[in-house]
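An overview of the molecular structure
Listed below are the residues making up each chain.
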Amino acid sequence: MPLDRPGLIATYRRLWPYLWPHGRGDLQRRIFLAFGLLMLAKAATMVMPFTFKWATDALVAATEKSAPASVPAGLISAPFLLIGLYGLSRVAMAAMTQVRDGLFAKVAMHAVRRLALLTFEHMHRLSLRFHLERKTGGLTRVLERGRNGIEELSRLMVLTLVPTIVELALVLGILAYEFDWLYSAVVATMIAAYLGFTWKATEWRIGIRRRMNNSDTDATTKAVDSLLNYETVKYFGAESRETARYDASMEKYEKASTQTYVSLAVLNAGQAVIFTLGMTAVMALAARDIMAGRTTIGGFVLVNTMLVQLSMPLNFMGMIYREIKQALVDIDDMFRIIDRNPEIADRPGAPVLAVPAGTVRFEDVRFAYNPERPILRGVSFEVPAGRTVAIVGPSGAGKSTLSRLLFRFYEPQAGRITIDGQDIAAVRQDSLRAAIGMVPQDTVLFNDTIGYNIRYGRWDASEAEVREAARLAQIDRFIESLPEGYETPVGERGLKLSGGEKQRVAIARTILKSPPILVLDEATSALDSFTEREIQAALDRVSRDRTTLVIAHRLSTVVNADEILVLDQGRIVERGDHPTLLTQGGVYAALWDRQRQADAAREALKQAEDEKSLRAHSAPEPQPVG
Ligand SMILES: Nc1ncnc2c1ncn2[C@@H]1O[C@H](COP(=O)(O)OP(=O)(O)O)[C@@H](O)[C@H]1O
Ligand SMILES: [Mg+2]
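Computed from a predicted structure; not experimentally measured. The numbers attached to residues start from 1 for each chain and follow its sequence in the written order. Starting at A for chains and at 1 for ligands, labels are handed out in the order in which the entities are written. Residues qualify for local features only when their pLDDT is at least 70, as the model is predicted, and side-chain atom pairs are given and counted only at 80 or more; totals for whole chains, interfaces and linings, by contrast, use all residues. Values reported for side chains reflect all heavy atoms of the structure, with hydrogen atoms and water molecules removed beforehand.

1. Quick notes on helix H3 (residues 79–125)
Given 3.6 residues to a turn, an α-helix orients residues that are three or four positions apart in the same direction. In this model, H3 (47 residues) spans 69 Å end to end at C-alpha, consistent with the 69 Å of a helix rising 1.5 Å per residue. In this analysis the local bend is the angle between axes fitted, respectively, to the seven residues ending at and the seven residues starting at the residue. For the purposes of this entry, the term helix denotes a DSSP run of H or I that reaches at least four residues, the term strand denotes a run of E that reaches at least two, and both are numbered from the N terminus. Along its length, H3 shows its largest kink, about 25°, at Phe104. Multiply 1.5 Å by the residue count of a helix minus one, and that product is the helix's expected span.

Here is the structure:
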């Protein structure tokens, strides 16, 4: 069977070390045993038609009282014994096949597990850019399909394809030996025609099935997207539009699925015709030989039984071809991910980052996500150890990009970033990331308990440390008010918590991590002013004595910073502390005036509401810092 693109041999060669694992003698023995059983099962399969033949001849002899030549002496009087042997070989065949499948399952699943793990690990090693470019769910799909593919491929090859080939060869040999070469020639021609037809028809069906799968995926994506946007759909009263969109995909799916069934009918009908032609021809040959006295009635039964037996594995050939081809594509997708070089990799022998003080320096950093559109055009600044530097500027100025560069999610095209004098590109990534804590604007939580999510900051933290971190992040009271306390599930992505609660969980886990360097990326901008004040207190406490880079949207939260940088269009346009910047009367001063006016207006409007919310929250006044 010709297989294009990911070659069967090439893929098998890569899979081989996993299917034949070094140092796992137990698994290797299993493979030997499975193969032994396979051969035994095939021998039993071949014995079966013979017992049938002998039993028939014995019965004929018993009724005619004349011994036919083909029956071994001594067994003539025992047709019942032969029937018993027939039953036994059937049972033996079935039992050995099942035991073999069971034995091999462990080998296949072991390979699946090792490769899935390798891929998963590698996915985490690939860059943020790679992950952002992938469709959501796309990677998990590759993993899932690859897993199934390995299982399918190894099972189909070892348990179905190879045995079928062995069986075909045995049948052809036996026919030539028992009768004459003409029988083998007829059967061989039939098999060739059968496989050729199956291959052509299956190729044609693969295209149809692909269309069906595509429309299925399309329909599912639309449904998921639409349901995820449940609220948006309601805001815009777009239910009927969504339904129509879904129906358009379903219509395509309907068409393609219908075609799949029709094509299956064509495949089955064609196979039946080819097989029956071959079988009739062989039976005619046998009838001719019986009449010429060259063989017995048993011989007629033998060819018939053997061919009927053969029809079963042949029938699966189309499916096997299709599944193997699909499995190869799926496994290839998985290998492609494993083959992808991480964009950001540790240099060989890279040392661990040492952070005796925690001074962060950006030196003339230039960066662009896409070459056509520079984001940072030469940014230099220093956050002295233990100090706080704030970065302000319009949205899209490149503020978050600075934090991504510091984490080394991307690498600058020019310039360098150092921590205590060490270029972050030259040290190990794990040590770099261990030294920095991040409280992002949008916190996503794991779909587990609150306790789990806080503990994520430092896995070996004690219960008391977790509680202390929660207390410092001012979320302890909230957690204790929940009936399940720290064991409360937060829901997918943490959706069961409000923005402020999620944010405080993020702060608590960063406190637990206790890194020497801290990045707060608009950690409070999505919150209402009451929650913001409350969280600001928690943040101020965390950043004390730590090198802190604050990315802020609201200037009132950065007035105490040691230095404020105003970033605009990829350049630092002003720098200094709050009073200095105000007296300069530049961009910052203008921003400050504008925000103060806006804040004043908002405060006036919201004062009543704020007071209400203060009472409703029944939380204490934010504690003074210091
Ligand atoms: N992964 C990305 N690929 C391409 N462009 C990006 C990517 N992330 C951010 N950008 C662009 O870079 C610019 C700066 O983004 P960012 O640093 O997030 O801005 P902000 O100052 O608001 O935090 C924006 O114009 C944004 O569209
Ligand atoms: Mg940002």
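From this point, things continue past the structure.
2. Description of the pattern of salt bridges
Salt bridges are defined by distance alone: a side-chain nitrogen of Lys or Arg within 4 Å of a carboxyl oxygen of Asp or Glu. Tallied over the full model, the rule gives 26 salt bridges. The shortest N-O distance in the salt bridge between Arg125 and Glu121 comes to 3.9 Å. Of this pair, Arg125 and Glu121 both sit in helix H3, four residues apart, roughly one helical turn. In this scheme, a residue with accessible area under 20% of its type's maximum is buried, one over 50% is exposed, and one in between is partly exposed, where area comes from a 1.4 Å probe on protein chains only. Its relative accessible area of 46% is what places Glu121 among the partly exposed residues.

3. What about the pairing of strand E9 (residues 563–568)?
Two strands qualify as a pair provided DSSP detects at least 2 bridges between them. As judged from the four bridges shared by strand E3 (residues 388–392) and E9, these two strands associate in the parallel manner. Looking at E9, one finds that Val389 is bridged to Glu563. Note that E9 and strand E10 (residues 571–576) share five bridges and pair antiparallel. Among the inter-strand pairings, Val566 is bridged to a residue of E10, identified as Glu574.

4. Observations regarding the sheet that holds E10
Two orientations exist for strands paired in a sheet by backbone hydrogen bonds: parallel and antiparallel. Strand order across the open sheet formed by six strands is E6-E7-E8-E3-E9-E10, with mixed pairing between neighbours. In the strand order of this sheet, the two ends are held by strand E6 (436–439) and E10, each with one partner. Direction aside, the axes of adjacent strands within the sheet are offset by 20° on average. Pairing of strand E7 (residues 517–521) with strand E8 (residues 547–551) involves five bridges; the strand directions are parallel. Paired with Leu518 across the two strands is Thr548, which belongs to E8. To obtain each axis, a line is fitted to C-alpha atoms, and for helices this fit is confined to the stretch in contact; angles are then taken between N-to-C directions over 0 to 180 degrees.

5. Observations concerning the site of ligand 1
One heavy atom suffices: a residue is near a molecule or strand as soon as one of its heavy atoms comes within 4 Å of it. Around ligand 1, the surrounding shell holds 13 residues, and the nearest of these are Arg373, Gly396, Lys399, Ser400 and Thr401. Whenever a nitrogen or oxygen atom comes within 3.5 Å of another N or O atom, the pair is scored as a polar contact, on the condition that within protein one atom can donate a hydrogen and the other can accept it, and that pairs from neighbouring residues in sequence are kept only if both atoms are in side chains. Separating an oxygen atom of ligand 1 from a backbone N or O atom of Lys399 is a distance of 2.7 Å. All accessible areas in this document rest on Shrake-Rupley with a 1.4 Å probe, and a residue is counted as covered only by the protein chains that are shown. Protein contacts shield 71% of the accessible area of ligand 1, which totals 570 Å² for the unbound molecule. Sorting the residues of the shell around ligand 1 by element identifies strand E2 (373–383) and helix H11 (399–406) as the ones contributing at least two each. The element best represented in the shell around ligand 1 is H11, accounting for four residues.

6. Re the packing of helix H14 (residues 463–472) against helix H16 (residues 499–513)
Close contact between H14 and H16 brings their axes to 8 Å; oriented N to C, the two are set at 125°. One element, H14, and the other, H16, form an angle in the oblique class. Of the two elements, H14 crosses H16, and the hand of that crossing is right-handed. Contacts between H14 and H16 involve Glu465, Val466, Ala469, Ala470 and Leu472 from the former and Ala508, Ile511 and Leu512 from the latter. Polar here means any residue other than Ala, Val, Leu, Ile, Met, Phe, Trp, Tyr, Cys and Pro, which are nonpolar, and Asp, Glu, Lys and Arg, which are charged; Gly is therefore polar. Residues that form the contact of H14 with H16 fall into these classes: seven nonpolar, no polar and one charged. Orientation is classified from the angle alone, with under 35 degrees giving roughly parallel, over 145 giving roughly antiparallel, 65 to 115 giving roughly perpendicular, and any other angle giving oblique. In this scheme the crossing of two helices becomes right-handed for a clockwise turn of the near helix relative to the far one and left-handed for an anticlockwise turn of less than a right angle. The contact criterion used is simple: two residues touch if any of their non-hydrogen atoms lie within 4.5 Å.

7. Regarding the environment of Tyr235
Positionally, Tyr235 belongs in helix H7 (residues 230–235). As for Tyr235 and Asp180, which are separated by 55 residues in sequence, their C-alpha atoms are 80 Å apart.

8. Some thoughts on the side chain of Ser154
Following the sequence through the fold, Ser154 ends up in helix H5 (residues 138–178). With relative accessibility at 1%, the residue Ser154 sits in the buried group. Within the structure, the side chain of Ser154 is placed 2.7 Å from the backbone oxygen of Ile150, a separation counted as a polar contact. Side-chain polar atoms of Ser154 contact the backbone oxygen of Glu151, separated by 3.2 Å. The contact partners of Ser154, leaving out residues within four places of it in the chain, are Tyr12, Leu19, Phe104, Ala108 and Leu159.

9. Considering the domain arrangement of the protein chain
Where a domain begins and ends is set by an automatic assignment or by a domain database. On domain assignment, one finds that the protein chain holds domain 1 (9–339), domain 2 (352–435 + 515–615) and domain 3 (445–513). Placing the centre of domain 1 and that of domain 2 at their C-alpha centroids yields a distance of 61 Å. Each partner contributes residues to the interface: domain 1 has four residues there, and domain 2 has four residues. Buried area between domain 1 and domain 2, summed over both chains or domains, comes out near 350 Å², and the portion from carbon and sulfur atoms is 54%. For the interface between domain 1 and domain 2, the tally reads zero salt bridges. One can count one residue pair in polar contact (both at pLDDT 80 or more) joining domain 1 with domain 2. Grouping the amino acids of the side of domain 1 that touches domain 2 by side-chain chemistry returns two nonpolar, one polar and one charged. Two parts lose some accessible area (1.4 Å probe) when they are put together, and adding that loss for both gives the buried area.

10. Considerations on a nonpolar patch on the surface
Among the surface-exposed residues, Leu59, Phe80 and Ile83 lie close enough to one another that they form a single nonpolar patch of about 340 Å² accessible area. You can see Leu59 is positioned in helix H2 (residues 25–64). For Leu59, a relative accessible area of 44% gives the class partly exposed. Residues enter patches when they are more than 30% accessible in relative terms and free of salt bridges; like-charged ones are connected within 9 Å and nonpolar ones (Val, Leu, Ile, Met, Phe, Trp, Tyr) within 5 Å.

11. Some words on the side chain of Gln536
Looking at the secondary structure, you find Gln536 in helix H17 (residues 529–543). Among residues more than four places away in sequence, those in contact with Gln536 are Thr524 and Thr557.

12. Observations concerning the packing of aromatic side chains
Whether two aromatic rings pair depends on their centres lying within 6.5 Å, for rings of Phe, Tyr and Trp, where Trp uses its six-membered ring; planes under 30 degrees apart make the pair stacked, over 60 edge-to-face, and the rest tilted. If you walk through the whole model with that rule in mind, you get 15 aromatic pairs. Each ring, one from Phe407 and one from Phe409, has its centre 5.7 Å from the other, and the planes form 20°; the classification is stacked. According to the relative accessible area criterion, Phe407 is buried, its value standing at 10%. Among the aromatic side chains, those forming a connected cluster through ring pairs are Phe446, Tyr452, Tyr456 and Trp459. Here the guanidinium or amino end of Arg14 rests over the ring plane of Phe335, the centre of that ring lying 3.9 Å away. Counted as over-ring charges are cases with an Arg CZ or a Lys NZ within 6 Å of the ring centre that also lie within 35 degrees of the ring normal. Between Lys200 and the ring centre of Trp199, over which it is positioned, the NZ or CZ distance is 5.0 Å.

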